[in-house]
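# Structural description and commentary
If you want the building blocks of each chain, they are given just below.
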Amino acid sequence: MIDEGLRNELQKQGVYTTTLEELYNWGRANSVWPLTFGLACCAIEMMAASMARFDLARFGAEVFRPSPRQADLMIVAGTVTKKMAPLVVRLYNQMPEPKYVIAMGACAISGGPFKQGYNVLKGIDRYLPVDVAIPGCPPRPEALIHAIMTLQEKIRHQKLTGPDRPRHLNAAVPGEFPVPAYGEHDLEPPNNPAVWQPPVIKR
Amino acid sequence: METPEQIKARLEAAVPEIRVEVLPNDCPAGERSLLVDIAHVFAAAKFLRDDPQLRLDYCSNVSGVDWPDLEIATKTKVKKVVDGVEKEVEEVMKTLRPGFLEAVYHLYSMELKQGPVVLRQRTANRDPEAPAVSLTPLWRGAELQEREVYDLYGIRLEGHPDLRRILMWDGFKGFPMRKDYVAPDDFEYEPTPHDEVLELAKKHYPPEVKA
Amino acid sequence: MNPVAEPPRRPSYEIRPKTDEAGGESIGELLEISMGPHHPSTHGVFRMDVVLDGEKVVKLKPVFGYLHRNHEKIGENISYLASMPYTDRLDYFCSMTNNWAYALSVEKLAGLAVPERAEYIRVIMAELTRLQNHTCLIGFFAQDMGALGTPMMYAFREREKILDLFESVSGARMMCNYMRFGGVRCDVTAEWLAQAKQLTDGYGKFLDEFEALLAQNEIILARTQGIGVLPRELAISAAITGPMLRASGVDYDLRKVDKYGIYSRFDFKVPLGAQGDVYDRYMIRVLEMRECVKILQAALRDIPSGPVMDPKAKLRGLRPKAGEAYGRVEAPKGELGFYLISDGSTNPYRYRVRPPSFINLTILEDMCLGHRIADAVVILGSVDIVLGEVDR
């Protein structure tokens, strides 16, 4: 790796040095294309974040693609109900790698205010791996922008080789997750053990 | 706008063998409702819709209500022989009011700008899919709401053109809005569990949770 | 990638034979597709199973329930006041009118009176809500027809100004939780009223700009006139309310019929449509916005001083007497009603929401039959649904 001082000196002269990893991640981080996936109230704040006042376009996330085949990021904005959960997982499976999930709002993280429900899935992380979670009900558009920036930091610092390389470069890690089916009283399975374990309470 | 008693009198005149009851309502601004028996509720509703004085052409709200079996305890004074002396003793008599499901209709008139008239019909018991009468042929607006009443309460409204589940998925079993419905146990993290949530927590994490 | 074995499911479309009138031999093919819960229209997780003959809609069945969050069941387990934040999340665009409808129902149930300043504040909040709802709807509407992004930018720009007002008075942009039983949560300052007055006075100019941008547009006229006609009798029988009903020519606006709150003091007209098509519904909403501005100007001028809440009113432990009440308001989408049955305890026995968007969808099939599938999207946009209210 090049010494930082030397790098700065070279930059002042107009010579830029970088590694392939940095360049690759810089390109990926600054053009994350979200999927238009608003479920409930948080969707409106997501729309407001992409509008004129809280412009999300300046972070590269301008084009909200309606088709999952063309999107990188699924912002699960709103309550995921059990009736909707198989479709969320199916859409995730249809997205090509590399793909990320932001769970926006209390409902997507854990069921939120509607937790006591026979039809509410207590958090989308039961079936999908979530990269960034935004608390709030609904979170302000600035919070969504902060989440996109956090995701960009995460992407920028991903190592491309080694055991914790991202999923799209690692054939051993599955990128598609099993879709739950509608059971008689609940979804089957009620959660995906490979993705989510109930947290242990230690007192 | 006529009072419920006047409407009851005209219903009894118009539909033979009908049994109508005006139910009391203690709330200050609420409306008293008309309870009609299932055999004649369709004819009564048709009368309410077509009668030129009422013209209740707008069925604003259809809701289901679940009334489970209720034990009513009444205290009565009974003469009893206690220690050889006849005394008046208070005894608690428990009567069981059997449970039922009911569908409540709020009817207004758009033509004459009056209302509401509250119409109720009750099922005989709380069996799954207890039958009642659908008023969708009279008011198209009741169509989706009656499907919801069927889905969440299990009142089978006969005469509905398309009675199937609307809010829950098709293979779902059970009627969620009933008072005795038990939601599936998909427990997750509660930072400070207490009462029934603590019982659930103990079931899921037996050794670690301390009460 | 490791493919995951999924159970075989039916394909996302189905081709059926098209039979002639007598149901005999096949004369073509019908295509059944599901305009699934995830689609580019911004109305939320709503699914329509359409059967198409070429491009014409032959059958359309809506499927609900993808956002069913059992709001009514939760309402039975918590107290009256604790349900107030949940009403925000019903029609998540118009939280103030949802709050007012619920507060009105509980005030009817418990017999509570509301001070005059609070009534004026409620009217101001409701009309501001109606303004931003109709503005956004027109933005979404243009987007459904293909004008991606730009009308929505204008609409959301104005909406942000109104949300600033809501945020400064209640603390939240969307989920305001502002009305209480017997008044409102807290008072508005003179600066707030001045800012609201400035917004209202400038709104007429924005409406002129918006209307000129869209109403003389050839594409919108061609795509909306004569589409999705709703006849008057069907509208009344199907319990349609709100701008959709008035577009079909029925003069039924709860602000004039029930005269709840202090609406009888304001002088405003109720615009009515002649044809009942999509264009009428769109123009009715534009005209209603102009009437809203009139009401707002009058309310901001006449608002008296005084308390906004009875200090002795009991909110937390409210135990209304056993009984029932049905209270309704003219929400921007239609008639929003709450039916509450009390059994004397702190929690309602039955808590029922009468959702306007849900009931306005009864005749979606009737309006779409015979039109092309692109028109089905436009018709759905004109019904103005919000899934939080449809599925509760």
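Predicted model only: the values in this text are computed from it and were never measured. (Residues numbered from 1 in each chain as written. Chains lettered and ligands numbered in written order. Predicted model: local features only at pLDDT ≥ 70, side-chain atom pairs only at ≥ 80, totals over all residues. Heavy atoms only, no water.)

The next subject is the overall build of chain C. The helix and strand tally for chain C stands at 15 helices and nine strands. Principal-axis analysis of the C-alpha atoms gives chain C an extent of 75 × 50 × 50 Å. When the accessible surface of chain C is summed, it comes to about 13800 Å², and 53% of that surface belongs to carbon and sulfur atoms. Counting 48 positive and 51 negative side-chain charges, chain C places the centres of these two groups 6 Å from one another. (Helix = DSSP H or I, 4+ residues; strand = E, 2+ residues; numbered from the N terminus. Areas by Shrake-Rupley, 256 points an atom, 1.4 Å probe, with all protein chains shown as cover. Lys, Arg positive; Asp, Glu negative; His and termini not counted. Charge placed at Lys NZ, Arg CZ, Asp CG, Glu CD.)

On to the side chain of Lys 122 of chain A. By the secondary structure assignment, Lys 122 of chain A is in the loop between α5 (106-110) and β4 (132-134). At 3.1 Å, the side chain of Lys 122 of chain A forms a polar contact with the backbone oxygen of Val 120 of chain A. (Polar contact = N/O pair within 3.5 Å; in protein donor to acceptor, adjacent residues only side chain to side chain.)

All names here are of chain A. The parallel open sheet is built from four strands, whose spatial order is β1-β2-β3-β4. Of all strands in the sheet, those bounded by a partner on one side alone are β1 (34-35) and β4. Across the sheet, helix α3 (residues 41-49) is in contact with β2 (73-77) and β3 (100-104); its angle to β2 comes to roughly 130°. (Pairing = 2+ DSSP bridges. Contact = heavy atoms within 4.5 Å. Axes fitted to C-alpha atoms, helices over the stretch in contact; angles between N-to-C directions.)

Residue and element names in this part refer to chain B. Within the element layout of this structure, Val 41 appears in helix α2 (residues 41-50). By relative accessible area, which is 1% here, Val 41 ends up buried. In this structure the C-alpha to C-alpha distance between Val 41 and Glu 86, which are 45 residues apart in sequence, comes to 51 Å. Residues contacting Val 41, with those up to four places away along its chain left out, are Val 36, Leu 119, Gln 121, Val 133 and Leu 135. (Buried < 20%, exposed > 50% of the residue type's maximum accessible area, 1.4 Å probe, protein only.)

Next up on the list: the environment of Val 329 of chain C. With respect to the secondary-structure elements, Val 329 of chain C resides in strand β7 (residues 323-331). Each residue touching Val 329 of chain C, except ones within four places of it in the same chain, is listed here: Thr 97, Trp 100, Ala 101, Leu 104, Leu 254, Tyr 260, Gly 334, Glu 335 and Leu 336 of chain C.

The partner chain B presents 48 residues to the 45 residues of chain C that form the contact. Of the roughly 3700 Å² buried between chain C and chain B on both sides combined, carbon and sulfur atoms contribute 55%. Connecting chain C to chain B are six salt bridges. Salt-bridge contacts for Glu 31 of chain B lead to Lys 108 of chain C; the nearest nitrogen and oxygen are separated by 3.1 Å. Remark: the boundary between chain C and chain B carries 25 residue pairs in polar contact (both at pLDDT 80 or more). (Buried area = accessible area lost by both parts, 1.4 Å probe. Salt bridge = Lys/Arg side-chain N within 4 Å of Asp/Glu carboxyl O.)

Time to look at the sheet that holds strand β9 (residues 348-354) of chain C. Residue and element names in this part refer to chain C. With antiparallel pairing, the three strands of this open sheet are ordered in space as β7-β8-β9. Each edge of the open sheet is held by one strand with a lone partner, namely β7 and β9. Taking the axes of each pair of neighbouring strands and ignoring which way they run, one obtains an average angle of 10° across the sheet. As paired elements, strand β8 (residues 334-342) and β9 share six bridges and run antiparallel to each other. In the sheet register, Ile 341 faces β9, and the bridge partner there is Arg 350.

Turning our attention to the pairing of strand β2 (residues 33-36) of chain B. Note on strand geometry: in a regular strand, side chains alternate between the two faces of the sheet. Residues and elements named next belong to chain B. Here β2 shows a buried face lined by Ser 33 and Leu 35 and a second buried face lined by Leu 34 and Val 36. Pairing geometry for strand β1 (residues 20-23) and β2, over four bridges, is antiparallel. Paired with Glu 21 across the strands is Leu 35, a residue of β2. Note: β2 against strand β7 (residues 114-122), three bridges, orientation parallel. The residue of β7 that forms the bridge with Ser 33 is Val 118.

The buried fraction of α3 of chain A is high, at nine of nine residues. Every buried residue of α3 of chain A is listed here: Cys 41, Cys 42, Ala 43, Ile 44, Glu 45, Met 46, Met 47, Ala 48 and Ala 49 of chain A. In this structure, the buried side of α3 of chain A is in contact with β2, β3 and α6 (141-156) of chain A together with α4 (116-144) and α5 (150-170) of chain C.

Quick look at the confidence of the model for chain B now. With 89% of its residues at a pLDDT of 70 or more, chain B shows a mean pLDDT of 83. Mean pLDDT values over the elements of chain B span from 71, in helix α4 (residues 196-204) of chain B, up to 92, in helix α3 (residues 142-153) of chain B. (pLDDT = per-residue confidence, 0-100.)

Right, let's talk about the packing of aromatic side chains for a bit. Overall, the coordinates contain 28 aromatic pairs over all chains when judged by the stated rule. Put simply, the rings of Trp 100, Tyr 120, Tyr 260, Tyr 263, Phe 266 and Phe 268 of chain C pair up and form one aromatic cluster. The ring centre of Tyr 66 of chain C lies 5.2 Å from the NZ or CZ of Lys 83 of chain A, which sits over that ring. Above the ring of Trp 196 of chain A, the side-chain terminus of Arg 126 of chain A is found at 4.2 Å from the ring centroid. (Phe/Tyr/Trp six-rings, centres within 6.5 Å; stacked < 30°, edge-to-face > 60°. Lys NZ or Arg CZ within 6 Å of the ring centre and 35° of its normal.)

When the charged atoms of two side chains lie near each other, side chains of opposite charge can form a pair. Residue and element names in this part refer to chain B. Tallied over the entire structure, the rule returns 63 salt bridges over all chains. For Arg 126, the salt bridge goes to Asp 66, with nearest N and O atoms at 2.8 Å. Note that Arg 126 is positioned in the loop between β7 and β8 (130-133) and Asp 66 in strand β3 (residues 58-67), a separation of 60 residues in sequence. Residue classification places Arg 126 among the buried residues on the basis of a relative accessible area of 19%. Residue classification places Asp 66 among the buried residues on the basis of a relative accessible area of 2%.

Much of the literature gives interface size as the accessible area that the parts lose upon coming together. Listed as interface residues are 35 residues of chain C and, on the opposing side, 50 residues of chain A. Around 3600 Å² of area is buried between chain C and chain A when both sides are counted, 65% of it from carbon and sulfur atoms. Viewed at the interface, chain A and chain C are joined by four salt bridges. For Glu 160 of chain C, the salt bridge goes to Arg 53 of chain A, with nearest N and O atoms at 3.8 Å. Our count for the chain C to chain A interface comes out at 12 residue pairs in polar contact (both at pLDDT 80 or more). For the side of chain C that touches chain A, the elements supplying multiple residues, two or more each, are α1 (71-77) and α5 of chain C.

Turning next to the state of the cysteines. All names here are of chain C. What the rule picks out here adds up to zero disulfides over all chains. With no disulfide of its own, Cys 136 lies closest to Cys 94 among cysteine sulfurs, the gap being 9.0 Å. On the accessibility criterion, Cys 136 (1% relative accessible area) is buried. Here Cys 176 stays free of any disulfide, with the sulfur of Cys 94 as its closest cysteine sulfur at 11 Å. For Cys 176, a relative accessible area of 3% gives the class buried. (Disulfide = S-S within 2.5 Å.)

The next thing to look at is the packing of helix α6 (residues 190-214) of chain C against helix α11 (residues 278-302) of chain C. All names here are of chain C. Following both chains from N to C, one finds α6 and α11 inclined at 160°, their axes separated by 10 Å at the closest point. Comparing the axis directions of α6 and α11 gives the class roughly antiparallel. Our pair here, α6 against α11, has a crossing hand that is left-handed. The segment α6 lies against α11, with Leu 193, Ala 196, Lys 197, Thr 200, Asp 201, Tyr 203, Gly 204, Leu 207, Asp 208, Glu 211 and Leu 214 engaging Tyr 282, Met 283, Val 286, Met 289, Arg 290, Val 293, Leu 296, Gln 297 and Leu 300. Residue classes in the contact of α6 with α11 are distributed as 12 nonpolar, three polar and five charged. (Parallel < 35°, antiparallel > 145°, perpendicular 65-115°, else oblique. Left-handed = near helix turned anticlockwise from the far one by under 90°. Nonpolar A, V, L, I, M, F, W, Y, C, P; charged D, E, K, R; others polar.)

Looking now at the packing of α3 of chain A against α5 of chain C. Running from N to C, α3 of chain A and α5 of chain C cross one another at 105°; their axes reach a closest spacing of 10 Å. As far as their axial angle goes, α5 of chain C and α3 of chain A are roughly perpendicular. Mapping the contact onto sequence places Ile 44, Met 47 and Ala 48 of chain A in α3 of chain A and Met 152, Phe 156, Arg 159 and Glu 160 of chain C in α5 of chain C. Looking at the contact of α3 of chain A with α5 of chain C, its residues break down into five nonpolar, no polar and two charged.

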